[in-house]
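# Coordinates in review
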Amino acid sequence: MPQAVAVLGGGIIGLSCAFEAARRGMRVTLIEPGGLGGQASGAAAGMLAPFSENTEQPDDFFQLCLNSLRLYPEWIRAVEELSGMSAEWVQSGSINVVMHEADILPIESRLRWQNEWGAAAQLIDAAQLQRLEPMLSTAAVAGVYTPGESHVYAPKLVSALESACRKLGVEMLEHAGDIEEVQAHPSGGASVRAKALDQPVHADRLVVCAGAWTGAYERWFGLTIPIHPIRGQICSFEHPANEVRHMVFSSQAYWVGKRNDRLVCGASEDVAGFETNVTERGIGRLIRSSSRLFPFLERKETMHRWAGLRPATRDGLPLIGRVEGIGPVILAAGHYRNGILLSPVTAAAVADLLEEKTSVVSLNAFAPNRFSYIEK
Ligand code: GLY
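Residues numbered from 1 in each chain as written. Predicted model: local features only at pLDDT ≥ 70, side-chain atom pairs only at ≥ 80, totals over all residues. Heavy atoms only, no water.

Let us look at helix α8 (residues 280-293). Helix length check: α8 (14 residues) gives 20 Å between terminal C-alpha atoms against 20 Å at 1.5 Å per residue, within 8%. Every buried residue of α8 is accounted for by G282, I283, G284, L286, S289, S290, S291 and L293. Of the surrounding secondary structure, the elements contacted by the buried residues of α8 are β4 (94-98), β13 (227-238), β14 (247-249), β15 (254-257), β16 (262-266) and β17 (302-313). (Helix = DSSP H or I, 4+ residues; strand = E, 2+ residues; numbered from the N terminus. Expected span 1.5 Å × (residues − 1). Buried < 20%, exposed > 50% of the residue type's maximum accessible area, 1.4 Å probe, protein only. Contact = heavy atoms within 4.5 Å.)

Shown next as structure tokens:
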């Protein structure tokens with residue numbers, strides 16, 4: 001087991017990897033160029049929805065999501081117990097709303113395979129839909145009800161993880177500035193220089209969890225890392241009477257009622273480089289979808305509008321694993337829309353690699369070296 005581990009990145013994945021490594025007894029330093037949980041993690045609606053997010057087939061990504069959901073109860077219990085903070089995990093169940101009769105037929109094959117994997121999902125008609133979600137538009141013709149899907153409040157989970165990490169003795173180097181140089185020696189040992197840090201950080205192993213910024217590490221690792229940012233614009237409405245009871249998905253957007261009297265509505269998927277501003281076009285689409293699906297929102301102003309950058313990969317799968325040929329480096333990035341859901345399984349897999357144990361899940365499909373090498 002390595003003595004010292006440096007985790008690069010303080011989003012949900014970096015914090016989770018730091019937490020897991022520290023609770024397994026490793027000495028961990030976390031380096032974050034900006035503030036903790038600032039990007040995809042901060043913008044996330046916190047949905048733990050492996051079935052709603054994977055409607056096509058039980059592929060490797062779905063299996064990873066499902067495995068992670070199964071780890072959630074112990075994970076949240078440990079984080080909350082150690083931090084003394086709540087991540088506001090709400091067992092709401094979810095509803096995927098169907099607006100056109102023609103869209104009902106494909107749902108049958110989805111239900112068949114998802115129920116084999118434990119979704120306990122059912123097709124509900126318009127009357128059942130109205131009973132479960134009375135504020136829904138009566139134009140909705142049917143829905144898929146998945147009782148086991150749930151959500152956490154991502155900013156609270158980030159704060160709880162941060163506090164749990166501190167209690168475990170993780171050294172948190174926030175606002176460390178740009179990473180200026182990374183040296184990793186094939187035989188072991190690594191060092192990281194960041195702009196605002198007085199001296200380099202040395203470690204036995206390096207875990208890179210830099211989200212949408214992970215592509216910048218290509219130059220140090222001589223590896224193709226096709227990760228790019230996809231902006232998620234999101235907004236919230238006042239929601240004091242809990243009018244929306246479940247997580248609700250339509251083909252255009254999703255809605256999640258939080259305990260702080262906010263109804264979160266997300267999210268755009270637009271290409272804007274590393275810009276994190278919101279646009280009238282992006283938020284306007286969410287507002288129009290909200291009024292169509294929930295008429296009570298028609299005259300409501302948004303309370304907040306914000307955006308984060310999801311780390312998208314070329315093949316849609318995250319990069320989790322050891323970087324072949326660079327002994328001390330492990331990558332855990334590219335989780336795109338599912339970083340909150342995938343945080344426990346990623347942290348467990350990374351900690352298993354650090355301990356040189358067989359991983360809790362098969363990582364073959366997620367190997368960081370699966371893209372071609374670039375010339376150094
Ligand atoms: N997890 C939903 C999103 O990224 O918008």
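Let us now look at the side chain of N54. Considering the arrangement of structural elements, one finds N54 in the loop between β3 (47-48) and α3 (60-83). N54 sits in the buried class, given a relative accessible area of 9%. Ignoring sequence-local partners within four residues, the contact set of N54 consists of F61, F62, C65, W113 and Q114.

Per the stated rule, a full pass over the model turns up 19 salt bridges. Linking E162 and R166 is a salt bridge whose minimum nitrogen-to-oxygen distance equals 2.8 Å. One end of the pair is E162 and the other is R166, both in helix α6 (residues 154-167) and 4 residues apart, which spans about a single turn. In this structure, the salt-bridge partner of R193 is E180, at a minimum N-O distance of 3.2 Å. Of this pair, R193 sits in strand β10 (residues 190-194) while E180 is found in strand β9 (residues 179-184), placing the two residues 13 residues apart along the sequence. (Salt bridge = Lys/Arg side-chain N within 4 Å of Asp/Glu carboxyl O.)

These figures capture arrangement, not role.
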